[in-house]
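Residue-level structure breakdown
Chain by chain, the residues:
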Amino acid sequence: MPVYPRVAVLGFGTMGGGIAQVVAQSGRLVTVLEQDQERVDAGMKAMSDFLTEGVRRGKVTAEQREDALARVHGTTDTDRLAGSDLVIEAVTERPDIKRALLNDVSDAVGDNAVIVSNTSALSVTALATCVSAPARFAGLHFFNPAPLMRVVEVVRALQTDPEVVRQLALFATEIGKDPVVVKDRPGFLVNRLLMPYLNDVVQAYDEELADAEDIDTAVRLGLGHRLGPLELLDLIGLDVHRHATLAAYHETLDPRFAPPPLLAQMVAAGRLGAKNGRGFRTSEEESR
């Protein structure tokens, strides 16, 4: 019997859809909650397209694609989540939205379900206060794109029962991920190391130490990274990175997390990275 055979995912965007796909491919039943049917349909289409590309590249079979899609059901009704063993929240990184949704879902699924947040920047301990059973709340931080990135951070809030942490790590292993158990600190582990590094890269670019392509080439070849840091920032989204670093800075007042001025300027100018085709790795003229 797998750990948490019936899983609910809150949000059918890029992260929610990717998480739902991974869980479905492990043989579990998945219910995805969204605000309206249009978003449900868009999420299902994105998942279908991703799996179709996987078939084309030989990563999954056509049968596996159909089996995974058949295990995922979208809904706009919170009551449809009743009976879930695990609920994974993956909505936008706004505390007010997460808090309200977690409160509603907690009432719908009851105290026996484990509820986790996929937040990358917010305090899991604070979010745990929004549910009726804080001991059964934790963070489960997947990385983007969830179907491809193997690491998952299991984030231990102050209230989290140690047995819940153990079960979540087992769940991550069963769905093909490599779990790392971490404390609830701003940025957890990976982003705590990554955010100051990316801030330094943006500052180096702003100071014209090298152009964007050369910075990425130097890091890829000199440090053995798969992606250059500015390519990575474009993939993450400049607005997403700025939001995360600001949250970490406000919580810690550590200047390493303070986003460089250029980052704020680019976000204000609508240069958000790969999501709209305008970021650091477009052209030097467009990025300035």
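Our structure is the block above this text.
One structure accompanies this document, and this report is about it. Please read these numbers as outputs of a predicted model, since none were measured by experiment.

Counting residues in each nonpolar core, the largest one holds 36 residues, and the members touching the most others are Ile19, Leu86, Leu140, Leu168 and Phe171. With 22 residues, the next largest nonpolar core counts Leu33, Val109, Ala113 and Leu127 among its residues.

Applying the stated criterion across every chain yields a total of 2 aromatic pairs. Ring geometry for tyrosine 205 and phenylalanine 280: centres 5.4 Å apart, planes at 90°, overall edge-to-face. In this pair, tyrosine 205 is assigned in helix α7 (residues 190-206) and phenylalanine 280 in the loop between α11 (261-268) and α12 (284-287), connecting sequence segments 75 residues apart. For tyrosine 205, a relative accessible area of 0% translates into the label buried. In this structure phenylalanine 280 comes out as buried when scored by relative accessible area, which is 1%. Over the face of the ring belonging to phenylalanine 257 we find arginine 256, whose NZ or CZ atom lies 5.4 Å from the ring centre.

Looking at the element boundaries, isoleucine 236 is found in helix α9 (residues 229-236). A residue is classified by how much of its surface remains accessible, and isoleucine 236, at 29% relative accessible area, is partly exposed. Excluding anything up to four places from it in sequence, isoleucine 236 contacts Leu194, Leu198 and His241.

Note on sheets: strands pair through backbone hydrogen bonds, and any given pair is parallel or antiparallel. Spatial ordering of the open sheet is given by β3-β2-β1-β4-β5-β6-β7-β8, a layout of 8 strands whose pairing is mixed. With one partner strand each, in any of the chains shown, β3 (72-75) and β8 (178-183) form the two edges of the open sheet. Pairs of neighbouring strands in the sheet enclose a mean axial angle of 25°, with direction left out of account. For strand β4 (residues 86-89) and strand β5 (residues 114-117), the ladder comprises 4 bridges, and the chain directions are parallel. Counterpart to valine 87 in the pairing with β5 is isoleucine 115.

The rules we used
- Residues numbered from 1 in each chain as written.
- Predicted model: local features only at pLDDT ≥ 70, side-chain atom pairs only at ≥ 80, totals over all residues.
- Heavy atoms only, no water.
- Core = buried A, V, L, I, M, F, W, Y, C linked by side-chain atoms within 4.5 Å.
- Buried < 20%, exposed > 50% of the residue type's maximum accessible area, 1.4 Å probe, protein only.
- Phe/Tyr/Trp six-rings, centres within 6.5 Å; stacked < 30°, edge-to-face > 60°.
- Helix = DSSP H or I, 4+ residues; strand = E, 2+ residues; numbered from the N terminus.
- Lys NZ or Arg CZ within 6 Å of the ring centre and 35° of its normal.
- Contact = heavy atoms within 4.5 Å.
- Pairing = 2+ DSSP bridges.
- Axes fitted to C-alpha atoms, helices over the stretch in contact; angles between N-to-C directions.

Any functional reading would require information beyond the geometric quantities listed.
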